[in-house]
Structure formats: structure tokens, C-alpha cells
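# Residue-level structural notes
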Amino acid sequence: MAEQEQQTVEKKEKEPDFSDYRGVMIVVEQRYGKAKAVSWQLLGKGRELADKLETKLYALVIGHEVEHLAKEAGYYGADEVYLCDAPELKDYRTRPYSRVCLKVIHQVKPEIVLFGATGTGRDLAGAIATHLPTGLTADTTELDVEPPPSRLLLASRPAFSEKMMATILCKRYRPQMATARAGVFQALPRDESREVPIIRVENDMKEEEIAARVLEFISETGKVNLEEAEIIVAGGRGLGGPEAFGMLKELADALGGVVGASRAAVDAGWISHDHQVGQTGHTVRPKLYFAIGISGAVQHTVGMSNSEVIVAINKDENAPIFQIAHYGIVGDLFKIVPAITEAVKKKRGLPIGPLASTTGGNRA
Amino acid sequence: MHIVVCIKQVPDSREIRIDPKTNTLIRQGVPSIVNFYDKHGLEEALRIKDELGARVTVITMGPPPAEKALKECISLGADEGVLVTDRAFAGADTLATSYVLAKAIRKAEETWGPVDIVFCGKQTLDGDTGQVGPGIACRLDLEQLTYVGKVRKVDPQARRITVERHLEDGIEVVETSMPVLVTALKELNKIRRASLPGMIRAARYKPIVWTTADFPDLDRSQIGLKGSPTIVGKTWVPEVRKVDGERIAGDTPQQIAEQLVERLWSGDLPTRLGWN
Ligand SMILES: Cc1cc2nc3c(=O)[nH]c(=O)nc-3n(C[C@H](O)[C@H](O)[C@H](O)COP(=O)(O)OP(=O)(O)OC[C@H]3O[C@@H](n4cnc5c(N)ncnc54)[C@H](O)[C@@H]3O)c2cc1C
Ligand SMILES: Nc1ncnc2c1ncn2[C@@H]1O[C@H](COP(=O)(O)O)[C@@H](O)[C@H]1O
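All of the points below concern the structure found in this document.

Cut-off values and rules
- Residues numbered from 1 in each chain as written.
- Chains lettered and ligands numbered in written order.
- Predicted model: local features only at pLDDT ≥ 70, side-chain atom pairs only at ≥ 80, totals over all residues.
- Heavy atoms only, no water.
- Pairing = 2+ DSSP bridges.
- Helix = DSSP H or I, 4+ residues; strand = E, 2+ residues; numbered from the N terminus.
- Contact = heavy atoms within 4.5 Å.
- Axes fitted to C-alpha atoms, helices over the stretch in contact; angles between N-to-C directions.
- Buried < 20%, exposed > 50% of the residue type's maximum accessible area, 1.4 Å probe, protein only.
- Polar contact = N/O pair within 3.5 Å; in protein donor to acceptor, adjacent residues only side chain to side chain.
- Disulfide = S-S within 2.5 Å.
- Salt bridge = Lys/Arg side-chain N within 4 Å of Asp/Glu carboxyl O.
- Nonpolar A, V, L, I, M, F, W, Y, C, P; charged D, E, K, R; others polar.
- Core = buried A, V, L, I, M, F, W, Y, C linked by side-chain atoms within 4.5 Å.
- Near = heavy atom within 4 Å.
- Areas by Shrake-Rupley, 256 points an atom, 1.4 Å probe, with all protein chains shown as cover.

## Brief notes about the sheet that holds strand E15 (residues 258–261) of chain A
Spatial ordering of the open sheet is given by E15(A)-E14(A)-E16(A)-E17(A)-E18(A)-E15(B), a layout of six strands whose pairing is parallel. Two strands lie at the open edges of the sheet, namely E15 of chain A together with strand E15 (246–247) of chain B, each paired on one side alone. For strand E16 (residues 288–292) of chain A and strand E17 (residues 309–314) of chain A, the ladder comprises five bridges, and the chain directions are parallel. Looking at E17(A), one finds that Leu288(A) is bridged to Val309(A). Together, strand E14 (231–235), E15 and E16 of chain A form the strand contacts of helix H6 (residues 244–255) of chain A, whose direction differs from that of E14(A) by roughly 165°. Sitting on the sheet, helix H9 (residues 333–348) of chain A touches E16, E17 and strand E18 (327–330) of chain A, and the angle it makes with E17(A) is about 140°.

Next comes the structure, spelled out in C-alpha cells:
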């Protein structure tokens, strides 16, 4: 027996045997019992990867009073859900959360573990990868697997300020880990008929052992969340000033979307930087994107060209934005945008004239 | 107090362009800079030094030209600059980098005393992962505070630190114990200019150089390319997806608008977007 082990150890040097690592695991992120959209998006992608590998899709839910999220994870595609629910885990803190993650990873031995590339997801993934140790690819926007027998995760991410894409591989270590951007992958339709096993995990860390205290969380609900938005109405230099963003907001409200901007508009001070789409702003992948008075410079389009439907409005018929637009309108935005807002309101049966309150906001 | 700041010299990737003919990166003429998030880490260390008194040690792992980056930090007010350099360190990914930097921080502790705070940048312009900071914290068993936009309070007596972490959905105020590793955002502070005495000191300053020979217990299998689990496979230049879009025209804005709305409502988009 010992001899046999010796042999496998020797063999490992050349060609590691990872046959005891199976399955894809998604670490679900939540705050106050509400999951981040990226978690369900990752379950959608994870489902596809697990099917290709003919293996299981696991979800890991950590928090306090989050049992409903374990069920939700099943609805969104997980085959089995690991749940660690304890008062000490109410707020995210690196040490206790990574302790739970490591415990589950050691127990389940997934071949792939994915996290949202959010502040919390990156904080946690960075700690765990070093502990294990294993390779971790940051901020991926494309995920695929090589079919068995290789089963390699092909984790691709933008490099050099989005100018290139690179596929990162981790051949000699398991699990293979990556964080993935929000808004890039599609969640599966929520299916309440999927009742899956929930496996409970104990939290081993006591409050006295945890140095960090979350004193307060100042939520910024007013802050736009472009990456999770399904509809974005973006404006550029063509708007000519801050006032016209009010017009865009009205269209966004009528559609149930949020307002985005090009860098030119942000640099001019017409709107704050958290609205900026593009290389030095947010990468977005909404279902519907309006580019209004935006020329379509590559630094802008890298951040939005994967939107499902793009509508461009520009008075210059040669503006490059039209090359990636599904619907192009050549004309004066000041005339066309109000007409569209009105037509949308009519179609949706919303009161014509300025809306008293927002109808949609961030629909993510 | 002893504060270590990890800095990296990086090509200013914002300036890198792609050769449209060969689809390769044009690196020529691209300036090297101190990764700007790291400078915010340094600035915060210097502020704590100004306020409470501290020794500030700057560490970088990189090729010999990175000495220039250390001198820049000296000119701003750092006490010492250490260049960790060796052929054997080349090709390191975040796991191998954090291994060597953790060793270097240990050695800095032996040399100048126990470390209370380690600052890293949120991420680098070239590696762009934000993983080295958490990696170091894990290896040195430090508390970890990432994405810090404000340091509210440092209490050297109680050995506690309170910060604001800037996250996508809001600001989290966290307090924890020192020693701690903090990763810096742009919002953390405004970077000072070098003073004249600082510049004079930097001009004369010779950074301290540590090579593999200075780390007797270094595990060779954990450094450089060999110690890096991730490898770069294929690289490519993303093509801008061109679509054969439809031009919508009409005699009046109202006609155009109605046609657009008709198109948008023709598929399953309204159902998926929850439009009534
Ligand atoms: C390192 C770097 C990073 C960058 N990062 C980003 C980024 O993250 N995001 C980003 O957006 N940009 C970024 N840029 C800038 C980018 O290159 C462009 O300069 C910017 O996107 C242009 O913004 P714009 O389209 O609003 O303005 P312009 O290019 O000036 O286009 C304005 C458009 O409005 C049209 N227009 C004007 N009036 C009307 C009207 N009445 N009706 C209809 N159309 C009208 C014009 O025909 C024109 O096409 C970056 C640049 C660099 C160098
Ligand atoms: N070679 C290096 N030398 C010193 N510090 C580094 C090095 N690489 C990364 N760091 C630190 O780790 C942070 C995150 O880097 P990265 O994980 O590459 O995005 C940087 O902002 C630096 O503070």
C-alpha cells in the first residue's frame, strides 16, 4: 500500500492524477440575505461547464439566515448546495468565510471553483487560492472547458487595458479557480421545480477568534450599477451639456433602465464617473444599449459591444458606432430621443409627460 | 511603527497600442511608472508616518531598472527601498510573487523591526489581478483589508485600525487588529509631490538589493515560473463584432420612433425585460 502510494506520488511529478477532483463549484455572494446577480449568472455558466464535463454543479452559500438562497441556487441550476449558516457569518469577513470555503473545497474536491469578480469575491478568492495553494485567474470574461480527458478550464480575460485577451490555464494544480465579471454570463431562467439536496456545513470559527468587526455598511443605492443593468441608455459628447442627460434619464425611466455615458461626457463633467462605460469605465453586457451622441471609439465599444441589442443615434452617418449597432438612426438626438420616449410610454401605457417617479431603476 | 509598502514598476498599459497589421503589442516608447495604486499606498504610509511616526520601507520585486521606482518612493519620503531581484524570480504569477514578497517582508522585519501595516495597491496595471495583496496576507497570517478608500483611524496602542472599504454597492466600515495588510484605492488620498530634500536624498540613495542568496530558507519550487500554477495559453486581439444592422429612417422623428419601438417589441425582448 505504502509502496503503491509512493509510486503514485512519483507519477504525480510528471502527470498529475486529478481523478478525485470532480464537479464545478460556484461560491454565491450575498449581503443581508440578498444574492448578487453575478452568482446566478455564474451558475448559468457553471451549468454549461458541468454538462460538458459530465459532472455536477455545486453552489456554496455562506451567511446568516440565508437558507432561502440555498434553495434559490437550486432554482438557478445547482445540483447540490452546501450551506453554512451561522450568526458569525452575517457580515463578510475574510477569515471565517475563507475557513468555510476551504473546508468545503477539501471535502467536495471540485475541479473548478468560481467567484464573482466583485470586491468580496476577489478578496475571498485571493485568500483561498494562496491557502490551497492553486492558480487563480482574475476577472475572466470567457469561460470554457476542454472536454474529458483533459478537463482543463480555459479562463480568458482582458489584458493590457482591454486591448488583448489571454487564456489562462492551470494544469498542475486543483481546483482550478477564477473570478468572473458581473454582467457577462447569463443566468438560467429560475425554475422552482428544481428541489435539490442542501448539505449543511458547520462554522468552526467562534466570534472571539475573529479580529475584524464590520461597524457599519453605508449602502449606496443611489449609485448606478451599470454592470448589473439590463437596459442602459448612454450619452456622449453629442449631448452638448449636462441638461440633455435629463432627457436620457426620461427614456431610461420609461424603459426601466439606467443612464450610462462615454468618457467624453464624463470628462466634461456632465455626469459622474460611475456612469462611464468602456475601457476605463465599466464593462457592460445589457440586453438593450442605447448609444446616443456617441461616436463609437474603440475605448468605448470594448465596454459595450457585447450588449444583446444596440441602438445608435447619431447625426453623422459615418460614425463608427453604426458598425456595431443593430438599429441605427441617423438624425438629431434632440428631436429623436423625446419621440422615442413618447412612443415607449405609449406602448407601455405609461402616462405621457415627465414621469413623477422612476418606474424601473436598476432592474437587475 | 513599521510600515511596508509593496510597489511595482509597470509599463503604462494605457499607452500600449496594438499593431493593426501584426496584432501584437507595441511596447516601444511605453513609459514605466510606479503602479499608481501603489503610490496611494505609499502616500497613506507617509501620512501615518507624519502623524504618528513610523518607519516606511518600500519593497519591490522586479528587474534591476525597478531601482528607479524605489528612488521615486525615497524622494517622496520613504526611509528605505528594497529591490528583490534574481533571474530565478522571473516569470512569477501572483502565487509565486506573494511567496517572495512575504519572504522579503519577513526579512524586513528582521532588519528593521516588526511590521504593523503592509500596503499594497488595489491591483497592478500589467498583472491586473489584485491577488498579490491577499496572497501576502495569507502567507504572513495578517488581517486583510482590501479596496480601502479611507483609513479612518490607526491606534498604535490598542493595535487596531479602522478603514472604509469601497465596494460596488456601498461603503463598509471595518475595524480590525494589526498587523494588517491594506490594499489601496485612488480615493484613499492625494499623492504629494517630492520635496527638495527628498529629491536630493533620492539622487544619492542606493536601494538595498536582495537576491536568492539573501533568503537561505527559500523553497526553489515555489518561485519564478516553476512556482507559478497559472500559465498563459492563447492570446488574441478581440475583434470588434460588426453587425449588419438596420437603418431606421422616416419622415418625422415620430415615425422613426414608432418604427424602432415596433422592432424592439417584435421579439421576446419585452417578456425578458418584464415590459408590460
Ligand atoms: C487610455 C484611454 C482610455 C479611454 N477610456 C474610455 C472609456 O472607458 N470610455 C469611453 O467612452 N471613452 C474612453 N476613451 C475615450 C475615447 O477614445 C473617445 O474619446 C470617447 O469615447 C469619445 O466620446 P464620445 O463618443 O461621447 O464623443 P465624440 O467622439 O466627440 O462623439 C460625439 C458624437 O456625437 C454625435 N453628435 C453630436 N451632436 C449630435 C446630435 N445633435 N445628434 C446626434 N448625434 C450628435 C457626433 O456626430 C459624434 O459622433 C479613452 C481614451 C483613452 C486614450
Ligand atoms: N513584483 C511586485 N513587487 C512588489 N509589489 C507587488 C509586485 N506585484 C504586485 N505587487 C503588489 O500587489 C498589488 C496587486 O498586484 P496584482 O495582484 O498584480 O494586481 C500591487 O498593487 C502591488 O502593491
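On we go from here.
## Observations regarding the side chain of Glu29(A)
All names here are of chain A. With respect to the helices and strands, the residue Glu 29 is situated in the loop between strand E1 (24–28) and strand E2 (30–31). For Glu 29, a relative accessible area of 10% gives the class buried. In terms of polar contacts, Glu 29 uses its side chain to reach the side chain of Thr 118, at 2.5 Å. Once residues within four sequence positions are removed from consideration, Glu 29 is found in contact with Lys 34, Ala 35, Lys 36, Ser 39, Thr 118, Thr 120 and Gly 121.

## Digging into the state of the cysteines
Residues and elements named next belong to chain A. This model, assessed by the stated rule, comprises zero disulfides over all chains. Left without a disulfide partner, Cys 84 is nearest to the cysteine sulfur of Cys 101, which lies 9.5 Å away. With relative accessibility at 0%, the residue Cys 84 sits in the buried group.

## Some words on the interface of chain B and chain A
Counting from both sides, the interface comprises 77 residues of chain B and, opposite them, 82 residues of chain A. A salt bridge links Arg157(A) to Asp128(B); the nearest nitrogen and oxygen atoms lie 3.4 Å apart. For the pair chain B and chain A, the number of links is 33 residue pairs in polar contact (both at pLDDT 80 or more). For the side of chain B that touches chain A, the leading source of residues is helix H6 (residues 253–264) of chain B, giving nine residues. For the side of chain B that touches chain A, a count of residues per class yields 32 nonpolar, 22 polar and 23 charged. Relative to strand E14 (residues 230–236) of chain B, strand E10 (residues 164–170) of chain A runs antiparallel, the two being bridged by five bridges. Within the sheet, the bridge partner assigned to Cys170(A) lies in E14(B) and is Thr230(B).

## Focus: the nonpolar core
Counting residues in hydrophobic clusters, the biggest one holds 43 residues, and the most contacted among them are Phe290(A), Ile292(A), Ile340(A) and Leu264(B). At eight residues, H6(A) tops the list of elements feeding residues into this core. Contacts of Phe290(A), omitting those with residues within four sequence positions, involve Ile232(A), Val233(A), Ala234(A), Leu251(A), Leu255(A), Val311(A), Ile313(A), Ile340(A), Leu260(B) and Leu264(B). By size, the runner-up hydrophobic cluster in this structure holds 37 residues, among which are Val56(B), Leu70(B), Leu76(B) and Val163(B).

## Observations regarding the sheet that holds strand E9 (residues 143–155) of chain B
Spatial ordering of the open sheet is given by E13(A)-E11(B)-E10(B)-E9(B)-E12(B)-E8(B)-E1(B)-E6(B)-E7(B)-E13(B), a layout of ten strands whose pairing is mixed. Since the sheet does not close on itself, it has two edges, and those belong to strand E13 (213–219) of chain A together with strand E13 (208–210) of chain B, each with one partner. Neighbour-to-neighbour, the strand axes of this sheet turn through a mean angle of 30°, independent of strand direction. Judged from the six bridges that link them, E9(B) and strand E10 (residues 160–167) of chain B form a sheet pairing that is antiparallel. From the neighbouring strand, Lys150(B) faces E10(B), where its bridge partner is Glu164(B). Helix H3 (residues 94–112) of chain B rests against strand E1 (2–6), strand E6 (55–61), strand E7 (80–84), strand E8 (117–121) and E13 of chain B of the sheet, and its axis sits at about 150° to E6(B).

## Notes on the environment of Thr94(B)
Within the fold, Thr94(B) resides in helix H3. Here Thr94(B) is in contact with Thr129(B), Gln131(B) and Val132(B), once residues within four sequence places are set aside.

## Re the site of ligand 1
Taken together, the neighbourhood of ligand 1 is formed by 26 residues, with Arg237(A), Ser262(A), Thr280(A), Ser295(A) and Asn314(A) sitting nearest. Around ligand 1, the nearby residues trace back to chains A and B. Interatomic distance of 2.7 Å between a side-chain N/O atom of His300(A) and an oxygen atom of ligand 1. Within the contact set of ligand 1, an oxygen atom lies 2.7 Å away from a side-chain nitrogen or oxygen of Asn314(A). Starting from 980 Å² of accessible surface for ligand 1 in isolation, the protein chains cover 79%. Those elements that provide at least two residues to the shell around ligand 1 are helix H7 (263–267), helix H8 (298–301) and H9 of chain A.

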